[in-house]
Amino acid sequence: MATRLDQALVVDTALRLLNETGLDGLTLRRIAKELDVQAPALYWHFKNKQALLDAMATAMMRRMVAEADTLAAGPSASWQQWITDACRTLRGTLLDYRDGAKVFSGSRFTDTTHAGPLEKYLRFFRDSGFTVAQGVNAYTTAYHFTIGFVIEEQGMRPGPDGRRGNFDLAEREAWLAPDHPLAAEAGWELFGNYEERFELGLRAIVAGLEHTLRSP
């Protein structure tokens, strides 16, 4: 008996294939082949690839919300800890999918799953002395930092052959070192130590937000 084709099945298949093909290789035709259907059958559920990406981002958001409910700081934690935990959870979810940050960036959620956490964060910020506008700016500043960081991280993560992106770090260093020794040395930091650099950047973001809140 043939499997009933519905949106959930298409999205689950797309997320699984994403780890194999990357975003550029993920097409409706490739998904249709995996599901053993004709490509036009998918257009009953998604009018184009962007509509599918929106649904994929929404599925990722549902997972992130479920994990955040388990991992989030308690009600007595500071707003600094809340926003730090939120960004760590976001990064962790995105890293579980090849090109996950690119899928998430610019997509429009197809349900209201995201609204509950946003409401909770904004209420917490307001109770911590933020206006609603300040809370929105605080949250989106940290959110955009995390999305941008993970896009770069996933773009430069070592592949199966150990190379990062389109170049090898040792080759890059040898190429730049004669005329640009500091730029050559910087490569090992620019394209590595992602965990440490994310935490450092996140601390800088939170410290900057705290300073901005306390400024006139």
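Residues numbered from 1 in each chain as written. Predicted model: local features only at pLDDT ≥ 70, side-chain atom pairs only at ≥ 80, totals over all residues. Heavy atoms only, no water.

An unreviewed UniProt entry annotates the protein as TetR family transcriptional regulator of Streptomyces lycii.

Caption draft 1: Molecular detail of helix α7 (residues 132-156). Taking 1.5 Å per residue, 25 residues should reach 36 Å; α7 reaches 36 Å between its end C-alpha atoms and fits that length. Restricting attention to buried positions, one finds in α7 the residues Gly135, Ala138, Tyr139, Ala142, Thr146, Ile147, Phe149, Val150, Glu153, Gln154 and Met156. (Helix = DSSP H or I, 4+ residues; strand = E, 2+ residues; numbered from the N terminus. Expected span 1.5 Å × (residues − 1). Buried < 20%, exposed > 50% of the residue type's maximum accessible area, 1.4 Å probe, protein only.)

Caption draft 2: View of the packing of aromatic side chains. This model, assessed by the stated rule, comprises 12 aromatic pairs. Taking the centre distance of 5.8 Å and the plane angle of 80° together, the rings of Trp82 and Tyr121 count as edge-to-face. Taken as a pair, Trp82 in helix α4 (residues 79-95) and Tyr121 in helix α6 (residues 115-127) lie far apart in primary sequence, 39 residues in all. By relative accessible area, Tyr121 is classed as buried at 9%. Cluster of aromatic residues (ring-pair linked, three or more members): Trp82, Tyr121, Phe124, Tyr139 and Tyr143. Taking NZ or CZ as reference, Arg91 lies 4.9 Å from the ring centre of Phe198, over its face. (Phe/Tyr/Trp six-rings, centres within 6.5 Å; stacked < 30°, edge-to-face > 60°. Lys NZ or Arg CZ within 6 Å of the ring centre and 35° of its normal.)

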